[in-house]
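Tertiary structure, described
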Amino acid sequence: MDALVAQLQMQYRNYTVSLYQQGFLDDQFTELKKLQDDASPDFVAEVLSLFFEDCVKLIGNMARALDQTGTVDFSQVGASVHQLKGSSSSVGAKRVKGLCITFKEYCEANNYEGCVRCLQQVDIEFKALQTKLQDMFNLEKQIIQAGGKVPQVDIN
């Protein structure tokens, strides 16, 4: 059992480091993880669940706004992008945040094609991040179920 826990912990460390190295996460995610403790063991999962719900809503709003025939309200799209950028920044979703910066520039330039491309990329990155973080949470559960403790991962 100890060998299994050690193997899962090493897998967890390596996987978490890879998420930072691949640019999915930044230091803000590390700060978020520090807020989790024994009194609130599901804190990060709960915060990210709210973030994912927010993303789905905002991406849907932006898609509907860009799907308007005739005139697109770029300020409305830009407001949703700004909100998504803030949310992604607060949870450490580095790639999503980076795309939102570019997306906002396209909104300010009233560049329809650029906005559509960015929306597609944001949707892809959001879904990839969601899958990767779900995998990370599944590893955490496996460690706990095996009788271990989820290790702190030092990224620096």
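Criteria and thresholds
Residues numbered from 1 in each chain as written. Predicted model: local features only at pLDDT ≥ 70, side-chain atom pairs only at ≥ 80, totals over all residues. Heavy atoms only, no water. Helix = DSSP H or I, 4+ residues; strand = E, 2+ residues; numbered from the N terminus. Phe/Tyr/Trp six-rings, centres within 6.5 Å; stacked < 30°, edge-to-face > 60°. Buried < 20%, exposed > 50% of the residue type's maximum accessible area, 1.4 Å probe, protein only. Lys NZ or Arg CZ within 6 Å of the ring centre and 35° of its normal. UniProt positions renumbered as here; feature names shortened; annotations may be inferred. Axes fitted to C-alpha atoms, helices over the stretch in contact; angles between N-to-C directions. Parallel < 35°, antiparallel > 145°, perpendicular 65-115°, else oblique. Left-handed = near helix turned anticlockwise from the far one by under 90°. Contact = heavy atoms within 4.5 Å. Nonpolar A, V, L, I, M, F, W, Y, C, P; charged D, E, K, R; others polar. Salt bridge = Lys/Arg side-chain N within 4 Å of Asp/Glu carboxyl O.

**Some thoughts on unusual backbone geometry**
A negative phi angle is the norm for most residues apart from glycine, just as the trans form is the norm for most peptide bonds. Positive phi outside glycine occurs at Asn110, with the angle close to 55°. With respect to the helices and strands, Asn110 occurs in the loop between α5 (94-108) and α6 (112-145).

**Looking at the packing of aromatic side chains**
This model, assessed by the stated rule, comprises 3 aromatic pairs. Residues Phe51 and Phe52 carry aromatic rings whose centres are separated by 5.5 Å and whose planes lie at 50° to one another, so their mutual orientation is tilted. Residue class for Phe51 comes out buried when judged on its relative accessible area of 4%. An aromatic cluster is defined as three or more aromatic residues linked by ring pairs; in this entry it consists of Phe51, Phe52 and Phe126. Here the basic side chain of Arg95 rests over the ring of Phe24, its NZ or CZ set 3.8 Å away from the ring centre.

**Structural notes on the UniProt feature "modified residue: Phosphohistidine" (unreviewed entry) in the protein chain**
What UniProt calls "modified residue: Phosphohistidine" (unreviewed entry) maps, in this numbering, to His82. Considering the arrangement of structural elements, one finds His82 in helix α4 (residues 74-91).

**So, the packing of helix α3 (residues 43-66) against α6**
The description of two helices packed together rests on the angle between their axes and the distance between the axes. Interaxial distance between α3 and α6 falls to 11 Å at its minimum, and their mutual angle equals 160°. With respect to α6, the element α3 is oriented roughly antiparallel. Pair α3 / α6 crosses with left-handed handedness. On α6, the residues touching Val44, Ala45, Leu48, Phe51, Phe52, Cys55, Val56, Ile59, Met62, Ala63 and Leu66 of α3 are Tyr112, Cys115, Val116, Leu119, Val122, Asp123, Phe126, Leu129, Gln130, Leu133 and Phe137.

**Re the UniProt feature "domain: HPt" (unreviewed entry) in the protein chain**
Mapped onto this structure's residue numbering, the UniProt feature "domain: HPt" (unreviewed entry) falls at residues 40-147. Along residues 40-147, the helical share is 84% and the strand share 0%, with 19 Å between the first and last C-alpha atoms.

**Here's the deal with the packing of helix α1 (residues 2-21) against α6**
Contact geometry of α1 with α6 gives a least axis separation of 10 Å together with a crossing angle of 160°. Classified by the angle their axes make, α1 and α6 are roughly antiparallel. Between α1 and α6 lies a crossing whose hand is left-handed. Contacts between α1 and α6 involve Leu8, Gln9, Gln11, Tyr12, Tyr15, Thr16 and Leu19 from the former and Lys132, Leu133, Asp135, Met136, Leu139, Glu140, Gln142 and Ile143 from the latter. A class-by-class count of the residues in the contact of α1 with α6 yields 8 nonpolar, 4 polar and 3 charged.

**Topic: the pattern of salt bridges**
Per the counting criterion, the structure on display carries 7 salt bridges. The partner of Glu140 in a salt bridge is Lys33, with the nearest N and O atoms 2.7 Å apart. Taken as a pair, Glu140 in helix α6 and Lys33 in helix α2 (residues 27-34) lie far apart in primary sequence, 107 residues in all. In this structure Lys33 comes out as buried when scored by relative accessible area, which is 16%. For Lys57, the salt bridge identified is with Asp54, shortest N-O distance 3.6 Å.

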